[in-house]
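Chain and residue survey
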Amino acid sequence: MRARNLLSIGLVGFQFPLLGQCQGNVNWISVDENGPSFTLASSNISYQFHVDPLTLDLVHDHWGAYAAETVPDFDGVTSGWGGPYTYRRREFPDLGRGDFRVPAIHIQHADGDTVSAFSYTGYDVSAGKPSLPGLPATFGGEGDVSTLIVHLYDNYSDVSADLYYSIFPRYNAVARSFRITNNGSTNITVLRASSWSVDMPNEELEMLDLHGDWAAEAHINRRPVVFGEQGFRSSAGYSSHFHNPFLALASPSTTESLGPATGYSLVYTGSFSADVERWSTGWVRVLLGLNPLHLSWPIAPGDTFTSPEVVSVYSEQGLGGMSRSFHSLYRNHLSRSNHTLETRPPLLNSWEGLGFDFNQSSMVQLAKEAAGLGCTLFVNDDGWFGTDYPRNNDSLGLGDWTPNPAKFPDGLKPYVDEVEQIVISNSSTHMKFGLWVEPEMVNPESDLYKEHPDWCMHSGNHNRTLQRNQLVLNLGLEEVQDYVITVIEDILDSATIDYIKWDNNRGMHEMPSPSANHAYMLGLYRVIDNLTTAHPEVLWEGCASGGGRFDPGLLHYWPQSWTSDDTDGLERLYIQFGTSYPYPPSAMGCHVSEVPNQQVGRTTPLQFRAAVASMCGSFGFELDPAKLSQEDSDAIPQIITRQQQVNPIVINGDFYRLALPDQSNWPAAMFVLPGADSAVLFAFQIRSTIKPLPSPLKLQGLDASAKYTVSNGTWEQSWSGSTLMNAGLSLSWPTSDYESFILTLDRQ
């Protein structure tokens, strides 16, 4: 073992380095030096663990509702094959020393062995929160958050671990990550890295997660936590449509508004793994972090690996309370965009209206028609670029980010200038312009691929599998990162572009090594960090064939993401309600599209589609206005006016799921501004029925003692908050399918 200028204490024949300890406490973090034991607490939550004095292992005590004292440690029978580590609720579990459960950390050393023995050496506490190098993370000042760093050391391998715990008391949230540093003289490899690990006591629990696929994202899956392992993962290279990097644990009796619930959310965009394991003791281990199939991360001597952050929130107000904590925290302390808390412009996107078949004159005409409806942002989607390989279909030109001269003979600037000279109907406001890009991808039929075939993700001589006629550029390569930064900068410098839709239309195949996925993510974050920092004025929207990368990692940089390629009003209800469990609706994008819907063929009324889309922070249309009926054309300006009236409440309000589409024919949700002075209610009828009658719709989040004016825009009624919440509204539904109400509530 290398000599270190540190204090040390003896244990079983070895000398364990002990870092100089920080004396004293900071807000919301206290340390009892007798042990020591650590507590992160607010008036609502407590996170507690201590150091085992014999082994210097970290032992978990409690995560949940506020507890004034540390919960006594387990002192039961430990006989059997497992030994003491198996019968201990551990804080940073390894594999290979008798704990047979899934580990949080697993490291392979240069000689091939995979045993780690981390022992406590000291701690630091500070007000505020440090950033994570190269990674997105929550942030906050001294009045928002405090951080505990616990130091561990493996004397056998000269590897250190620093565990970071940050408490956001206002949001009942704790964020965790760790750093592994190789202090030895040979390489090591991180095989498994779960940023969050906690061993919960033996309680009856159910797990809630979100599953899906393309055009069917974020469907709610709630199931009992049984003995053995249960979990899910993404091996798609991205967070993916299939599973979202989020899970919740709750009592079987927990509802939307009552009972305990704990949520876990990984701030990351790549492959991930969520593992929940109930052991023989009944204890439940919860792990969330990187997918070990896509890791094997090498650490050279002197280097450090930083794990992505996991945020956990605890709620006594059911799953709804959990969601509102996530929403508020992510709006205020994760999403860093200037636009996060701003009202979003109503837009028209060209894709479903014109597809690839357009030129400058047809696009300008479409923008004029959008202005006539009241849209203030026009977005030119796919098909505008490519010279030698013009982007007239999805097999050509991806990677060649120069305007197609056949469509835009004078380049982007004259075209964009012409669009931005258009005046919005019944106003003096001029149209803003947005553009679609997909800079992480390349078509084989492109100049970029012909010049740099080695820039795409590939594995030796294996076939390069095409998906949507394209390949993935390897953003783990610095030259690829620099190329993407340069071409997007050139686009933004070429014209006044107010909005960028950043798409990503396939998963990763043929990665050159397991570590390529995390290297790609670090490269992607470098690219996006550079561009969003240089262009804070641009409204950036993420997209990945819909919601394939709707995750907290990208929410850090972009204030909104396209929630799904499925724009059917009914399907979107399920998708948006599901997505709202960890993510604020202010971060969702939804458009009103033509009917019959292009994805499912269903026809629903315009008002129904518009009400569903108005529940999202970003609202717009994706259709050809020339094909609208006169009735729909006449209705859209009023729809936009109403949507813009309620959008500030959707952006900044607390969200309440009143009735789920999975469970009710009359799903409903509402947003309430802080202070409960204003609110908006969205209510829907899926199918017309004679009986049974709908239940009274009991509102939430209002001031029981206040009087509210309830209005749908044409009529008004006055009700007290107590009546609205305890007796509820009995809405009179028309005898037709797919009906909706948007009701505003204002304190009198």
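Keep in mind that what you see is a predicted model, and the values were worked out from it rather than measured.

An order of S34-S35-S36-S39-S37-S38 is seen for the six strands of this open sheet, with the pairing classed as antiparallel. Looking at strand neighbours, the two that pair on one side only are strand S34 (654-659) and strand S38 (716-720), the edges of this open sheet. On average, each strand axis in the sheet is tilted by 20° relative to the strand beside it, whichever way the strands run. In the sheet, S34 pairs with strand S35 (residues 668-672) via five bridges, with the strands oriented antiparallel. Across the sheet, the residue bridging to Phe655 is Phe671, located in S35. Across the face of the sheet, helix H11 (residues 630-652) comes into contact with S34, S35, strand S36 (678-685), strand S37 (707-711) and strand S39 (739-747) while running at roughly 110° to S36.

On to empty space enclosed by the protein. Considering all chains together, one arrives at seven cavities of 30 Å³ or more under this definition. If you add up the space inside the largest cavity, you get close to 90 Å³. Looking at the largest cavity, the residues that line it are Leu210, Glu217, Ala218, Ser240, His241, His243, Asn244, Gly547, Phe550, Thr563, Thr579 and Tyr583. Residues belonging to the lining of the largest cavity are distributed by class as follows: four nonpolar, seven polar and one charged.

This part takes up the packing of aromatic side chains. Enumeration according to the criterion identifies 39 aromatic pairs in this entry. Here a set of aromatic residues connected by ring pairs shows up, and it is made of Phe38, Tyr47, Phe49, Trp63, Tyr120, Tyr123, Tyr165, Trp196, Tyr264 and Tyr314. Sitting above the plane of the Tyr85 ring, Arg97 keeps its charged end 4.6 Å from the centroid. Here the basic side chain of Arg176 rests over the ring of Trp196, its NZ or CZ set 5.2 Å away from the ring centre.

Taken together, the three strands give an open sheet; going across it, the order is S7-S12-S21, and neighbouring strands pair in antiparallel fashion. If you trace the sheet from one side to the other, it starts and ends with strand S7 (105-108) and strand S21 (297-299), each paired once. Taking the axes of each pair of neighbouring strands and ignoring which way they run, one obtains an average angle of 30° across the sheet. Summarising the sheet, S7 and strand S12 (residues 188-193) pair through four bridges and their orientation is antiparallel. Bridge assignment links Ile107 to a residue of S12, and that residue is Val190.

It is worth spelling out the side chain of His50 at this point. Within the fold, His50 resides in strand S5 (residues 45-51). Reaching out from His50, the side chain makes a polar contact with the side chain of Asp61 at a distance of 2.9 Å.

Across the protein, the average pLDDT comes to 95, with 96% of residues at 70 or higher. Below pLDDT 50 for its whole length, residues 1-23 participates in 54 contacts with residues either more than four positions away or in separate chains.

So, on to unusual backbone geometry. At the junction of Gly35 and Pro36, the peptide bond is cis and its omega measures out at -10° in the coordinates. Along the chain, the position of Pro36 falls in the loop between strand S3 (29-32) and strand S4 (37-41). Following Val595, the chain continues to Pro596 via a peptide bond in cis, the omega torsion being -5°. Mapping Pro596 onto the fold places it in the loop between strand S32 (588-593) and helix H10 (606-614).

Criteria and cut-off values
- Residues numbered from 1 in each chain as written.
- Predicted model: local features only at pLDDT ≥ 70, side-chain atom pairs only at ≥ 80, totals over all residues.
- Heavy atoms only, no water.
- Pairing = 2+ DSSP bridges.
- Helix = DSSP H or I, 4+ residues; strand = E, 2+ residues; numbered from the N terminus.
- Axes fitted to C-alpha atoms, helices over the stretch in contact; angles between N-to-C directions.
- Contact = heavy atoms within 4.5 Å.
- 1 Å grid on protein atoms, 1.4 Å probe; cavity = no way out; pocket = protein on both sides within 12 Å on 5 of 7 lines; lining within 4 Å.
- Points joined across faces, edges and corners; volume = space filled by probe spheres on them.
- Nonpolar A, V, L, I, M, F, W, Y, C, P; charged D, E, K, R; others polar.
- Phe/Tyr/Trp six-rings, centres within 6.5 Å; stacked < 30°, edge-to-face > 60°.
- Lys NZ or Arg CZ within 6 Å of the ring centre and 35° of its normal.
- Polar contact = N/O pair within 3.5 Å; in protein donor to acceptor, adjacent residues only side chain to side chain.
- pLDDT = per-residue confidence, 0-100.

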